[in-house]
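Each chain, letter by letter, is given below.
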Amino acid sequence: MNFQDILKRPVVVGVFALVLGLVLGLVWGWGISPVEWYDAPVNLLRSDLQDEYLRMSIDSFRVNADENLAIKRFTDLGENAPDLLQKIKANPGKLDPNFVVTYEQMLTRKKALNSTAEKPSAGTTPTTAAGGSSLIVSIAIILGGLLAVAGVGAAAFFLLRGGRRSGQITPAQQAADFARATERTDYVAKGEAPPVAHYVTTYVIGDDLFDDSFSIDSPSGEFLGECGVGISETIGVGDPKKVTAFEVWMFDKNDIQTVTKVMMSPHAFNDVGFRSKLEAKGELIAVEPQKQIVLETQTLQMIATVSDMQFGKGSLPDGSFFDRVTLELAIWSKK
């Protein structure tokens, strides 16, 4: 299954939209327009910066003797403040050790006097710190963005799924349904060796990007090559495209070559202009029900069987373009 087929699935589209939105949001939020932090509360600083902040607060108190300001700066450090003060007492550095003791005594005295005033009265909600408020707002914005992206992805998924339920399915989805419903040939029951790879692919008119490719692997998992079917030529004008020829191809890794055969509608096969245009691509073959097309390389053989087909109708000649084609691809290793 190729990348185009994967993107045609509603679930994949929804998940892809969600992931893309998350990636773009992170790129914008972290790279293009990142959050700029300023006036961060000191209790969120590194421990060494908190230590420096408390030392400056003590020195400032020595100069201006503003007890209220000193207490505010101390309490801004949060629960780490007492431990930081003890560390500074043990290692005052450039501070006067005696004044550090005086600073501590002032804190103890003020704490005793204001203990009652600091307790919130009944029914009072403590005020949230500015830094904590900013953090909460930032988290809320990020979560809101993620929810918005998830909503867009979910909406895309349900819209696509709703279209399928209402019968408005895409040609590619119709083709996938036809391919799943096609019964594959049981080569073992016919007394033949089982193929190393076995696929079914369907084209439905309107799938203008039809181009299926498949990997060919040995039973042990060794990559042997690839095969596929794609649009080769169209007829007429307008949408959807009217496909008059397909290319069936197989690539052999060991032979390092790709063999191609061109499946043509009866009208195109009998038209000199189409034949001269397409013969350079490979052997030309007129399509008919149950037609088997054999492609061979040095180490691989593929049989492409026309399991089902239907020509389109309209103003173009009969048998000139395909409405639907189902091909069964069976590959064997000559080894």
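Please refer to the structure placed before this passage.
Remember, predicted model here, so these are calculated numbers, not experimental data.

With antiparallel pairing, the 4 strands of this open sheet are ordered in space as β1-β9-β8-β7. In this open sheet, the two edge strands, each paired with only one partner strand, are β1 (197-204) and β7 (292-296). Taken pair by pair, the neighbouring strands of this sheet meet at an average axis angle of 20°, ignoring direction. Bridging between strand β8 (residues 300-311) and strand β9 (residues 322-333) involves 11 bridges; their strand directions are antiparallel. Each bridged residue has a counterpart across the sheet, and for Met309 the counterpart in β9 is Val325. Packing of helix α8 (residues 171-181) onto the sheet brings it into contact with β1 and β9, and relative to β1 it is tilted by some 140°.

What follows covers the side chain of Glu328. Along the chain, Glu328 falls in strand β9. At 6.4 Å, Arg184 is the nearest oppositely charged side chain to Glu328, a buried residue that forms no salt bridge. Polar contacts involving the side chain of Glu328 include one to the side chain of His198, which spans 2.6 Å. When sequence neighbours within four positions are dropped, the list of residues in contact with Glu328 reads Arg184, Thr185, Tyr187, His198, Tyr199, Val200, Ile303, Ala304, Thr305 and Ser307.

Time to look at the packing of aromatic side chains. Evaluation of the coordinates by the stated rule reveals 10 aromatic pairs. Considering the side-chain rings of Tyr187 and Trp332, the 4.9 Å spacing of their centres and the 90° angle between planes classify their relative orientation as edge-to-face. Highlighted residues: Tyr187 in the loop between α8 and β1 and Trp332 in strand β9, separated in sequence by 145 residues. Note on Tyr187: relative accessible area 4%, which makes it buried. Seen from their ring centres, Tyr203 and Phe246 are 5.1 Å apart, and the 65° between their planes marks the pair as edge-to-face. Remark: Phe246 occurs in strand β4 (residues 243-252) and Tyr203 occurs in strand β1; sequence separation between them is 43 residues. Comparing Tyr203 with Phe246 shows no difference in burial state: the two are buried. Members of the aromatic cluster, connected to one another through ring pairs, are Tyr203, Phe210, Phe246, Phe311 and Phe322.

Reading guide: rules and limits
Residues numbered from 1 in each chain as written. Predicted model: local features only at pLDDT ≥ 70, side-chain atom pairs only at ≥ 80, totals over all residues. Heavy atoms only, no water. Pairing = 2+ DSSP bridges. Helix = DSSP H or I, 4+ residues; strand = E, 2+ residues; numbered from the N terminus. Axes fitted to C-alpha atoms, helices over the stretch in contact; angles between N-to-C directions. Contact = heavy atoms within 4.5 Å. Buried < 20%, exposed > 50% of the residue type's maximum accessible area, 1.4 Å probe, protein only. Lys, Arg positive; Asp, Glu negative; His and termini not counted. Salt bridge = Lys/Arg side-chain N within 4 Å of Asp/Glu carboxyl O. Polar contact = N/O pair within 3.5 Å; in protein donor to acceptor, adjacent residues only side chain to side chain. Phe/Tyr/Trp six-rings, centres within 6.5 Å; stacked < 30°, edge-to-face > 60°.

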